[in-house]
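Notes for the structure review
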Amino acid sequence: QVQLVESGGGLVQPGGSLRLSCAASGIIYNIKVTDWYRQTPEKQRELVARLTTNGVVNYADSVKGRFSISRDAKDTVYLQMNSLKPEDTAMYYCSIGSAVGDFLRRYWGQGTQVTVSS
């Protein structure tokens, strides 16, 4: 079973930056989409950024212009977060979707905590 492992979270002051990484423990075939989600105890999990294999990128309105999603040749997924705000505080999860026939199989990481506070 391939596992996703996130890293790069931590405590940062407002206006600061963090770069999250998400690495798979093995090979994932037929990747179709790579996502970053976030969740707080008060809110449902929300999609922050999405990158499809055909290059389509989508961001939540709340992070547009500040966050950037990318993926390297080893399928490590990154989320560059700039100009961080206290409301960005959340547990961040990466997710990779791979095609299995007509279905999309989802892989999830355990999450990495991001706290934005002075």
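In short, a report on the structure. Source: prediction; values computed, not measured.

Here the focus is the pairing of strand 9 (residues 90–100). Put simply, side chains in a regular strand alternate between the two faces of the sheet. A large share of strand 9 lies buried, amounting to 9 of its 11 residues. Bridge analysis of strand 4 (residues 31–39) against strand 9 gives 8 bridges, and the strand direction is antiparallel. Counted as the bridge partner of isoleucine 31 is serine 98 from strand 9. When strand 9 meets strand 11 (residues 112–116), the two strands line up antiparallel, connected through 3 bridges. Each residue of the ladder has a partner; that of methionine 91, found in strand 11, is glutamine 113. In the sheet, strand 9 pairs with strand 10 (residues 103–108) via 6 bridges, with the strands oriented antiparallel.

One can find threonine 52 in strand 5 (residues 46–52). On the accessibility criterion, threonine 52 (18% relative accessible area) is buried. Aside from chain neighbours lying at most four places away, what touches threonine 52 is Lys32 and Val33.

Each value, and the rule that gives it
- Residues numbered from 1 in each chain as written.
- Predicted model: local features only at pLDDT ≥ 70, side-chain atom pairs only at ≥ 80, totals over all residues.
- Heavy atoms only, no water.
- Buried < 20%, exposed > 50% of the residue type's maximum accessible area, 1.4 Å probe, protein only.
- Helix = DSSP H or I, 4+ residues; strand = E, 2+ residues; numbered from the N terminus.
- Pairing = 2+ DSSP bridges.
- Contact = heavy atoms within 4.5 Å.

What is shown is where atoms sit, not what they do.
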